[in-house]
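The primary structure of each chain is shown beneath.
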Amino acid sequence: MSDNEFSLIDKHFKGKGGHSHPFTRLAIGDDASVHGLKDGMELVVSTDSSVENVHWPHDMSLDLAADRSVCAALSDLAAMGAEAIAVWVNVMAKDKHAVKAMAKGVSRSLRRYNVELVGGDTCRSATNALSVTVAGQLPAGTAMCRNTALADDNVWLAGRVGFHALGLKQWMSGDKHGEFVHHINEITPRLAAGVHLREMGVRCCLDVSDGLLQDARHLADASGVGMDIEVTQVPEWLHLCHQVAGCEPAFEAVVHGGEDYALLFTAPASMVIPNALAVKIGTCRAGTGVHLYRDGVLCSVKKQGYLHFE
Ligand SMILES: Nc1ncnc2c1ncn2[C@@H]1O[C@H](COP(=O)(O)OP(=O)(O)OP(=O)(O)O)[C@@H](O)[C@H]1O
Ligand SMILES: Cc1ncc(C[n+]2csc(CCOP(=O)(O)O)c2C)c(N)n1
Ligand SMILES: [Mg+2]
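Residues numbered from 1 in each chain as written. Chains lettered and ligands numbered in written order. Predicted model: local features only at pLDDT ≥ 70, side-chain atom pairs only at ≥ 80, totals over all residues.

Quick note on the threshold: UniProt positions are given in the numbering used here, feature names are shortened, and annotations may be inferred rather than shown by experiment.
Under an unreviewed UniProt entry, the chain has the name Thiamine-monophosphate kinase and belongs to Mariprofundus micogutta. Annotation of the chain in UniProt includes, under Pathway (unreviewed entry), the sentence "Cofactor biosynthesis; thiamine diphosphate biosynthesis; thiamine diphosphate from thiamine phosphate: step 1/1." The record held by UniProt for the chain lists under Function (unreviewed entry) the comment "Catalyzes the ATP-dependent phosphorylation of thiamine-monophosphate (TMP) to form thiamine-pyrophosphate (TPP), the active form of vitamin B1."

The following block contains the structure:
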């Protein structure tokens, strides 16, 4: 008998994620999943869509695209400092081959981070796409939010920026084996770093999906502070300048390139952050707006980061 959506779900999704978490009482198979949190814990939920030709190039393999989509969604849990505990994946596919390919990437990514697939939906669609809902938990009152930066905080970055954008540029220009291309295949949700930062007492964080400047503005605006960032302090700045033939394209990628999913966070100057975890790239100040400096010189930046409807 040929596959229909029910046999596809049984074969390719049921039991294909990471291990079950005590949070989940009922997973795939019923009308809904059932969950319960321990006293003193809070539930953190986020949802994220990825669409072919918008979030990944049409000539990228669908299992990699699905892997990336799950990781991008998990990154929002990392940004909140939550432990990932369950994922729901809606798969919208042009045909059953696409379902199988996307299921492979979903399974691989969830096993990598050992998060259970507890439900989802599978349907035919004019365009291949995924919508990924993620749930996490953390001790009540400890979530790292965007609106809690203070005027004297330092600004830190855990992870790299610019690499994904440079990889995408190479891929789109036909250079499928360019030195940066592998960065578009491997989105890393910084889950362990997020939990570590939250446990250290960090309270203000977001993940950089749309570009350093745009996301820094989100954090600064939400907190009602200004921010000064020294762009040359981002990890591997000089490497980027050398590898992409100059600091101009490196600046463009670092400032506006999204999808590296580094964690941008602020912390009081008294808080010691290990070098292995993050680098200091700036400071908050009273006022508004994000000022970018390059070797101490204020830069005038007109462009925005990634915007869906521009
Ligand atoms: N259609 C919608 N309905 C309700 N809330 C929405 C909708 N779209 C976005 N939001 C909310 O707006 C806020 C910002 O959404 P956005 O997708 O920009 O999140 P982000 O974490 O900044 O970016 P990313 O999704 O790239 O991680 C989130 O709280 C999100 O839940
Ligand atoms: C084919 C193709 N074109 C452009 C991009 C770049 N891109 C798409 S969405 C996004 C921001 C994050 O998404 P969201 O804000 O929806 O979470 C970025 C930087 C890509 N990855 N693939
Ligand atoms: Mg986010």
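Next comes the rest of the description.
### What about the pairing of strand β7 (residues 154-158)?
Applicable threshold: Exposed residues have 12 or fewer other C-beta atoms within 10 Å of their own C-beta, buried residues have 20 or more, and residues in between are partly exposed; the C-beta atoms are placed from the backbone. Numbering of helices and strands runs from the N terminus; a helix is a DSSP stretch of H or I covering at least four residues, while a strand is a stretch of E covering at least two. Here, strands pair whenever DSSP counts at least two bridges between them.
Among the five residues in β7, four count as buried, and that is most of the element. As paired strands, β7 and strand β11 (residues 279-285) are joined by four bridges and run antiparallel to one another. When the sheet's bridge partners are listed, Asn-154 is paired in β11 with Thr-283.

### Details of helix α7 (residues 212-223)
Selection rule: Helix span is expected to be 1.5 Å times the residue number reduced by one. Here, residue contact means that the backbone-derived C-beta atoms of the two residues sit within 7 Å.
Taking 1.5 Å of rise per residue, twelve residues should cover 16 Å, and α7 covers 16 Å from first to last C-alpha, within 8% of that figure. Taken as a whole, α7 has its buried residues at Leu-212, Leu-213, Asp-215, Ala-216, Leu-219, Ala-220 and Ser-223. If you follow the buried residues of α7, they end up packed against β8 (204-207), β9 (226-230), α9 (247-256), β10 (263-267) and β12 (290-294). Backbone geometry just after α7 places Gly-224 at a positive phi near 70 degrees.

### Details of the site of ligand 1
The condition is simple: Using the backbone to place each C-beta atom, any residue with that atom within 6 Å of a molecule or strand is considered near it. Residues are grouped as follows: Ala, Val, Leu, Ile, Met, Phe, Trp, Tyr, Cys and Pro are nonpolar; Asp, Glu, Lys and Arg are charged; all remaining types, including Gly, are polar.
Taken together, Asp-48, Asp-76, Asp-207, Ser-209 and Asp-210 make up the full set of residues adjacent to ligand 1. For the shell around ligand 1, the per-class residue count stands at no nonpolar, one polar and four charged.

### Description of the nonpolar core
Put simply, the rule reads: Here, a nonpolar core denotes buried Ala, Val, Leu, Ile, Met, Phe, Trp, Tyr and Cys residues that are linked to one another through C-beta atoms within 7 Å. Throughout the structure description, domain borders are defined by an automatic or database domain assignment.
Ranked by size, the top nonpolar core spans 96 residues in total, and within it Val-87, Met-102, Cys-205, Val-254, Leu-264 and Phe-265 carry the most contacts. Of the residues forming this core, the biggest block, twelve residues, is contributed by helix α2 (residues 62-80). Among the domains, domain 1 (5-139) and domain 2 (154-298) are the pair contributing at least three residues each to this core. Filtering out sequence-adjacent residues up to four positions away, Met-102 remains in contact with Leu-62, Asp-63, Ala-66, Val-91, Ala-93 and Leu-130.

### Some remarks on the environment of Lys-38
As for its position among the elements, Lys-38 is in the loop between β2 (34-35) and β3 (41-51). Take Lys-38: there are 9 C-beta atoms within 10 Å of it, and that puts it in the exposed class. Separated by 212 residues in the primary sequence, Lys-38 and Ala-250 have C-alpha atoms spaced 46 Å apart.

### Notes on helix α3 (residues 96-112)
Relative to the 24 Å expected for 17 residues at 1.5 Å per residue, α3 spans 24 Å between its end C-alpha atoms, a close match to the ideal helical length. Of the residues making up α3, those classed as buried are Ala-98, Val-99, Ala-101, Met-102, Ala-103, Gly-105, Val-106, Ser-107, Ser-109 and Leu-110. Residues of α3 that are buried make contact with α1 (5-12), α2, β4 (83-93), β5 (117-124) and β6 (129-139). Positive backbone phi, at 50 degrees, marks Asn-114, one or two positions downstream of α3.

### A word on the sheet that holds β3
Stated formally: An axis is simply a line fitted to the C-alpha atoms; with a helix, the fit covers only the stretch in contact. Between two such axes, the angle follows the N-to-C directions and lies from 0 to 180 degrees.
Spatially, four strands are ordered β3-β6-β4-β5 in an open sheet, and the strand pairing comes out mixed. One side of each edge strand has no neighbouring strand; the edge strands of this open sheet are β3 and β5. Direction aside, the axes of adjacent strands within the sheet are offset by 15 degrees on average. Pairing between β4 and β6: nine bridges, direction antiparallel. Paired with Val-89 across the bridge in β6 is Val-132.

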